[in-house]
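Notes for the structure review
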Amino acid sequence: MKTIAVVGVGYVGLVTGVCFADLGNRVVGLDIDEEKIGRLRRGEPPIYEPGLAEMIARNRAAGRLSFTTSYAEALAEAEFVFIAVGTPAGVDGEADLKHVRAAAESIARAMVAPLIVVNKSTVPVGTGDWVADIIRSKQPRAIPFSVVSCPEFLREGSAIADFMHPARTVLGSLDLEAMAKVARLHLPLRAPIITTDLRTAEMIKYASNAFLATKISFINEIANICEELGADVKEVAAGMGYDPRIGSHMLEAGLGYGGSCFPKDVKALAFMAAQKGRHPQLLRAVMDINADRRPMLVEKVRELLGDLRGKTVGLLGLTFKENTDDLRDAPALDVARMLLGEGAKLKAYDPVGMRAAEALAPEIEMAEDPYELAAGADALVVSTPWNEFKQLDLARIREVMRRPILVDGRNLYDPATMKRLGFVYRGFGRGYGPDGAPGEEVAA
Ligand code: NAD
């Protein structure tokens, strides 16, 4: 049993802490957000993540997991401290490291014994060395420590499974002994462990996220071409994905990427390149293509509905992806703002994101369920691919709508089925072949 402190119990830190506790370690989760810590102490998870509530309860009951706002308490017996604070985008796209700096300073002041500082936050290349400098300069007395980079690759919505069964663990440090100790913590996960230097580990995270974002923008570019040429991007992606050199993941055309990672990480990598005089032309294209997706959806709604003033549009989904309550850079909220800007009336339904969305966008009227959402709507927009939307009674939806228009930002439905059900249906990259788009008569 090792004693681990986790600084920042957000989406990454909380899952990391809870999973390490579940692996038999003693974990203290620390956050400066008193409300969050209060909720965790009452056994209420502050975020929605499948399976997390049960795991928190189990490990608290076993005495392996506790929460605090005090660095002194968190570090009193810790051998490892994981930093998992946010690294949002700054004004020019660079990663804003104010939380990392604050965490490093607090660790320096509170540590009482030798410590391995493990950085899980996604941070610009060179940050590990910078963190070491901060700790060294802020320590009241010199206590040995090492910094190890251990970037996190989990996905919200499947975070526990991703943490427990990672494709790989990446570690970076010049201190081989410290890195070996962190590697031992991860051995129960039985995943390949890649050990390298600090900067390379930090870069692996950015390069991985940028590559995944590139796949999404690539398939969206293909979708645009499919749309013009009468091919179906869903089948194109399936046909491509069987090739192991390509792989089937991240090939869903539609509204593009959002959330708290890809947008800021691609921007931050482009910033790092530009700062060193390199022109990150591929990364810029990835961002440009992605930026077009949301207005493109609004354009599809406008094409079918005409002037949007006074028209009621229902959004199926608010969160940036399914199985999470995270609304950070959610495409749905952007689309909502654009539609509202054109005078539409907005309604929405989301299985878990509605309460938080009310605070961000009070103009959106929330519906009890998808059928209430559809009642009287002039158009529906699928903005988040929640599983429950795949199983809707579409005939019933069609019946209660004022106009049978459905714009599918996630390509959930089959155009031919939608046509049979009487919908005017538009997906992304669904070239409709010789039959034309659902809801349109094609001249013989
Ligand atoms: P988050 O905003 O959900 O959580 C960050 C937490 O840190 C918050 O609870 C905040 O109160 C706390 N915090 C801020 N400053 C602090 C301080 N000085 N001391 C203690 N706590 C402090 O962020 P997140 O989504 O968990 O992301 C954390 C990092 O992990 C980011 O760098 C992100 O890029 C990276 N990451 C995120 C994901 C993801 O899916 N969310 C996946 C992989 C990597």
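The next subject is the overall build of the chain. A count of helical and extended segments in the chain gives 18 helices and 14 strands. Whereas a compact globule of 444 residues would reach a radius of gyration of roughly 22 Å, the chain reaches 24 Å, a difference of no more than 12%. Across its three principal axes, the chain shows a C-alpha extent of roughly 80 × 50 × 40 Å. Out of the 444 residues in the chain, the part that is buried amounts to 55%.

Turning our attention to the site of the ligand. Within the structure, the ligand sits among 28 residues, and Asp31, Lys36, Tyr71, Thr87 and Lys264 are positioned closest to it. Within the contact set of the ligand, an oxygen atom lies 2.5 Å away from a side-chain nitrogen or oxygen of Thr87. Within the contact set of the ligand, an oxygen atom lies 2.6 Å away from a side-chain nitrogen or oxygen of Lys264. Elements represented by at least two residues in the shell around the ligand include exactly α1 (11-22) and α5 (98-110). Per-element accounting of the shell around the ligand gives the leading share, three residues, to α5. Tallied by class, residues from the shell around the ligand come to 12 nonpolar, eight polar and eight charged. Split by domain, the shell around the ligand shows at least three residues from each of two domains, domain 1 (3-196) and domain 2 (199-444).

Our next topic: the side chain of Asp232. When you line up the elements, Asp232 lands in the loop between α9 (198-229) and α10 (233-241). Look past the residues within four positions of Asp232 in its chain and what remains in contact with it is Cys226, Gly429, Arg430 and Gly431.

Residue pairs spaced three or four apart in an α-helix point in one direction, given the helix's 3.6 residues per turn. Under the 1.5 Å per step criterion, the end-to-end length of α5 is 18 Å for 13 residues, consistent within 8% with the ideal 18 Å. Among all positions in α5, only Val100, Ala103, Ala104, Glu105, Ile107, Ala108 and Ala110 are buried. In this structure, the buried residues of α5 make contact with β1 (3-7), α4 (71-75), β4 (80-83), β5 (115-119) and α6 (127-138).

All right, on to the side chain of Glu156 then. With respect to the helices, strands and loops of the structure, Glu156 is situated in the loop between β6 (145-149) and α7 (159-164). If we ignore the near neighbours within four places in the chain, the residues touching Glu156 are Tyr11, Glu49, Ser260, Phe320, Lys321, Thr324, Asp326 and Arg328.

Among the nonpolar cores identified, the biggest contains 52 residues, and Val301, Leu318, Leu339, Ile364, Leu380 and Tyr413 are the most heavily contacted of them. Element by element, the count of residues in this core is highest for helix α13 (residues 331-341), at five residues. Residues contacting Ile364, with those up to four places away along its chain left out, are Leu318, Leu333, Ala336, Leu346, Lys347 and Ala348. With 37 residues, the next largest nonpolar core counts Phe80, Met164, Leu171 and Met179 among its residues.

With that settled, consider α6. Compared with the 16 Å implied by 1.5 Å per residue over 12 residues, the 16 Å span of α6 between its first and last C-alpha is a close match. Here α6 has its buried residues at Thr127, Gly128, Val131, Ala132, Ile134 and Ile135. Buried residues of α6, viewed axially, fall in a sector of 160°; they line one side. Of the exposed residues in α6, those oriented more than 90 degrees away from the buried face are Arg136 and Ser137. Buried residues along α6 sit against α5, β5, β6 and α9.

Considering all chains together, one arrives at four aromatic pairs under this definition. Ring centres 5.2 Å apart and planes at 45° place the aromatic pair Phe20 and Phe82 in the tilted group. Here Phe20, found in helix α1, pairs with Phe82, found in strand β4; they are 62 residues apart in sequence, far enough to count as distant. With relative accessibility at 0%, the residue Phe20 sits in the buried group. Of the residues examined, Phe82 reaches a relative accessible area of 0% and is grouped as buried. Taken together, a centroid distance of 5.3 Å and an interplanar angle of 85° make the contact between Phe20 and Phe163 edge-to-face. You can see Phe20 sitting in helix α1 and its partner Phe163 sitting in helix α7, a full 143 residues away along the chain. Of the two residues, Phe20 and Phe163, both sit in the buried class.

Along its sequence, the chain is carved into domain 1 (3-196) and domain 2 (199-444). On the domain 2 side, the residues contacting the 33 residues of domain 1 number 26 residues. Looking at the side of domain 1 facing domain 2, the largest losses of area belong to Tyr48, Val125 and Glu156, adding up to 27% of the total buried there. The interface formed by domain 1 and domain 2 includes two salt bridges. A salt bridge links Asp129 to Arg199; the nearest nitrogen and oxygen atoms lie 3.2 Å apart.

What follows deals with the sheet that holds strand β12 (residues 379-382). Read from one edge of the open sheet, six strands run β11-β10-β9-β12-β13-β14, paired in parallel fashion. Each edge of the sheet is formed by a strand with only one pairing partner; in this case those strands are β11 (365-366) and β14 (424-426). The sheet strands contacting helix α12 (residues 281-305) are β9 (312-316), β12, β13 (405-408) and β14, and the helix crosses β13 at an angle near 165°. Sheet contacts for α13: β9 and β10 (345-349); angle to β9, the most-contacted strand, approximately 175°.

Looking now at empty space enclosed by the protein. Inspection of every chain in the model, using the stated rule, returns one cavity of 30 Å³ or more. Reported here for the largest cavity is a volume of approximately 40 Å³. Taken together, Asn119, Ser121, Thr122, Val123, Ser149, Pro151, Glu202, Lys205 and Tyr206 make up the lining of the largest cavity. If one sorts the elements of the lining of the largest cavity by residue count, α9 sits on top with three residues. When residues of the lining of the largest cavity are sorted by domain, at least three fall in each of domain 1 (3-196) and domain 2 (199-444).

What counts and how
Residues numbered from 1 in each chain as written. Predicted model: local features only at pLDDT ≥ 70, side-chain atom pairs only at ≥ 80, totals over all residues. Heavy atoms only, no water. Helix = DSSP H or I, 4+ residues; strand = E, 2+ residues; numbered from the N terminus. Rg over C-alpha atoms; globule rule 2.2 N^0.38 Å. Buried < 20%, exposed > 50% of the residue type's maximum accessible area, 1.4 Å probe, protein only. Near = heavy atom within 4 Å. Polar contact = N/O pair within 3.5 Å; in protein donor to acceptor, adjacent residues only side chain to side chain. Nonpolar A, V, L, I, M, F, W, Y, C, P; charged D, E, K, R; others polar. Domains from an automatic or database assignment. Contact = heavy atoms within 4.5 Å. Expected span 1.5 Å × (residues − 1). Core = buried A, V, L, I, M, F, W, Y, C linked by side-chain atoms within 4.5 Å. Arc of directions from axis to C-beta. Phe/Tyr/Trp six-rings, centres within 6.5 Å; stacked < 30°, edge-to-face > 60°. Buried area = accessible area lost by both parts, 1.4 Å probe. Salt bridge = Lys/Arg side-chain N within 4 Å of Asp/Glu carboxyl O. Pairing = 2+ DSSP bridges. Axes fitted to C-alpha atoms, helices over the stretch in contact; angles between N-to-C directions. 1 Å grid on protein atoms, 1.4 Å probe; cavity = no way out; pocket = protein on both sides within 12 Å on 5 of 7 lines; lining within 4 Å. Points joined across faces, edges and corners; volume = space filled by probe spheres on them.

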